[in-house]
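# Breakdown of the fold
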Amino acid sequence: MIEDLFTRQLTAIADGDLEAILAQYHEDAMIVRLDRVATGPEEIRAFFTAYLELKPHVAEIKALQAVNDTIFYNAVMTVNNNQVSAYGTLIIRDGRIWRQTAAAIPL
């Protein structure tokens with residue numbers, strides 16, 4: 001189930017486990033944010049290496065919709081000591097994250 005993938009992603013982020021995070025991503029994955037795009041394994045590794053340095057912490061999942069191959073979520077997070085409302089979409093292909101969008105609004 002795709003909800004299991006989401007749970008694994010949250011656990012890997014909480015643990016700061018870069019390799020577990022990267023294992024979740026399809027070899028043709030792309031992450032799109034308003035300030036950055038990461039495509040392919042090398043860019044996604046660099047993206048998450050920098051992200052984990054900001055000590056992300058998910059405080060609460062406010063909403064989650066998982067339908068077929070798509071997960072849409074809203075979470076309250078602390079990133080770089082700033083509390084944000086994070087929104088994102090994960091599109092799954094072959095059991096791994098193929099496309100991801102993410103945006104955060106300060107609280």
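All of the points below concern the structure found in this document. All values reported here derive from a predicted model rather than from experimental measurement.

### Considering the overall build of the protein
The secondary structure content of the protein amounts to 3 helices and 6 strands. Secondary structure elements of the protein, listed N to C terminal, follow the sequence α-α-β-β-α-β-β-β-β. Here the C-alpha radius of gyration of the protein, 13 Å, is about what a compact globule of 107 residues would show, namely 13 Å. With the C-alpha coordinates of the protein rotated into their principal frame, the extents come out at 35 × 30 × 25 Å. In the protein, which comprises 107 residues, the proportion classed as buried is 36%. Partitioning the intrachain contacts of the protein with sequence separation of at least 6 by distance along the chain shows that 37% fall at a separation of at least 24. A total accessible area of about 6,300 Å² is found for the protein, and carbon and sulfur atoms account for 54% of it. Across the protein, the mean location of the 9 positive side-chain charges is 3 Å away from that of the 14 negative side-chain charges.

### What to know about the sheet that holds strand β1 (residues 25-33)
If you walk across this open sheet you meet the 6 strands as β2-β1-β6-β5-β4-β3, and the pairing is mixed. Two strands in the sheet have a free side with no partner beyond their single neighbour: β2 (37-39) and β3 (57-67). The sheet shows a mean angle of 15° between the axes of neighbouring strands, taken without regard to direction. Inspection of the sheet shows strand β4 (residues 70-79) paired to strand β5 (residues 82-93) by 10 bridges, in the antiparallel sense. Across the sheet, the residue bridging to valine 76 is serine 85, located in β5. Strand contacts of helix α1 (residues 2-15): β1, β3, β4, β5 and β6 (96-106), with the helix running at about 165° to β3, the strand carrying the most contacts. The strands touched by helix α3 (residues 40-53) are β1, β2, β4 and β6; relative to β1, the strand with the most contacts, the crossing angle is about 55°.

Definitions and limits used
- Residues numbered from 1 in each chain as written.
- Predicted model: local features only at pLDDT ≥ 70, side-chain atom pairs only at ≥ 80, totals over all residues.
- Heavy atoms only, no water.
- Helix = DSSP H or I, 4+ residues; strand = E, 2+ residues; numbered from the N terminus.
- Rg over C-alpha atoms; globule rule 2.2 N^0.38 Å.
- Buried < 20%, exposed > 50% of the residue type's maximum accessible area, 1.4 Å probe, protein only.
- Contact = heavy atoms within 4.5 Å.
- Areas by Shrake-Rupley, 256 points an atom, 1.4 Å probe, with all protein chains shown as cover.
- Lys, Arg positive; Asp, Glu negative; His and termini not counted.
- Charge placed at Lys NZ, Arg CZ, Asp CG, Glu CD.
- Pairing = 2+ DSSP bridges.
- Axes fitted to C-alpha atoms, helices over the stretch in contact; angles between N-to-C directions.

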